[in-house]
Amino acid sequence: EMNRHKIGCVLVMDGERLAGIFTERDVLRRVVAADLDPRTTPVTRVMTGQVLTVEPETTVQQMMELFAEKRCRHMPVVK
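Everything numeric in this text was worked out from a predicted model, so none of it was measured.

Participant: It is not clear to me how the overall build of the protein should be interpreted in this structure. Could you clarify?
Facilitator: Tallying secondary structure elements over the protein gives four helices and two strands in all. Along the protein, from the amino end to the carboxyl end, the secondary structure elements read α-β-β-α-α-α. If you line up the protein on its principal axes, its C-alpha atoms span 40 × 30 × 25 Å. Taking all 79 residues of the protein together, 24% fall into the buried category. In the protein, the proportion of contacts linking residues at least 24 apart, taken out of those at least 6 apart, comes to 35%. Total accessible area on the protein is roughly 6,300 Å²; 52% of this is exposed by carbon and sulfur atoms. Mean positive and mean negative side-chain charge positions of the protein (12 and 11 charges, respectively) differ by 5 Å.

Below you can see the structure in the form of structure tokens.
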């Protein structure tokens, strides 16, 4: 579905709480490389649970620095 909709990540929610993030990189490293069946593997098993987030007031410069420092490509903006 991610490929079909051309999106690189999805947020995994537990009600109103952000429970994790699942990215294209997670598919490759945690599903394909681990030889897991994507049709039966629950996303909660292969998602990133500790999600780095920023607030809406974060500047573009701050985001660029965080992406470089944390070596990530996706960071949800939450309020």
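Participant: How should I be thinking about the pattern of salt bridges in this particular structure?
Facilitator: Oppositely charged side chains are able to pair whenever their charged atoms sit close together. This model, assessed by the stated rule, comprises five salt bridges. Notably, a salt bridge pairs aspartate 14 with arginine 17, separated by 3.3 Å at the nearest N-O pair. Judged by its relative accessible area of 48%, aspartate 14 falls in the partly exposed class. When the shortest N-O distance is used, the salt bridge between arginine 30 and aspartate 26 registers 3.6 Å. Remark: aspartate 26 and arginine 30 occur in helix 2 (residues 24-32); sequence separation between them is four residues, near one turn of the helix.

Participant: In this structure, what is going on with unusual backbone geometry? I would like to understand it.
Facilitator: Generally, phi is negative for residues other than glycine and the peptide bonds are trans, each holding for most cases. Its identity as a non-glycine residue notwithstanding, lysine 6 has a phi of 55°, on the positive side. Tracing the backbone through its elements, the reader meets lysine 6 in the loop between helix 1 (2-5) and strand 1 (9-14). Backbone geometry at arginine 71 places phi at a positive 55°, although glycine is not the residue there. What makes arginine 71 exposed here is its relative accessible area of 72%.

Participant: Please explain the side chain of threonine 23 as it appears in this structure.
Facilitator: Mapped onto the elements of the fold, threonine 23 is located in strand 2 (residues 17-23). Other than its neighbours up to four places away in sequence, threonine 23 contacts Met2, Gly8, Cys9 and His74.

Conventions adopted
- Residues numbered from 1 in each chain as written.
- Predicted model: local features only at pLDDT ≥ 70, side-chain atom pairs only at ≥ 80, totals over all residues.
- Heavy atoms only, no water.
- Helix = DSSP H or I, 4+ residues; strand = E, 2+ residues; numbered from the N terminus.
- Buried < 20%, exposed > 50% of the residue type's maximum accessible area, 1.4 Å probe, protein only.
- Contact = heavy atoms within 4.5 Å.
- Areas by Shrake-Rupley, 256 points an atom, 1.4 Å probe, with all protein chains shown as cover.
- Lys, Arg positive; Asp, Glu negative; His and termini not counted.
- Charge placed at Lys NZ, Arg CZ, Asp CG, Glu CD.
- Salt bridge = Lys/Arg side-chain N within 4 Å of Asp/Glu carboxyl O.

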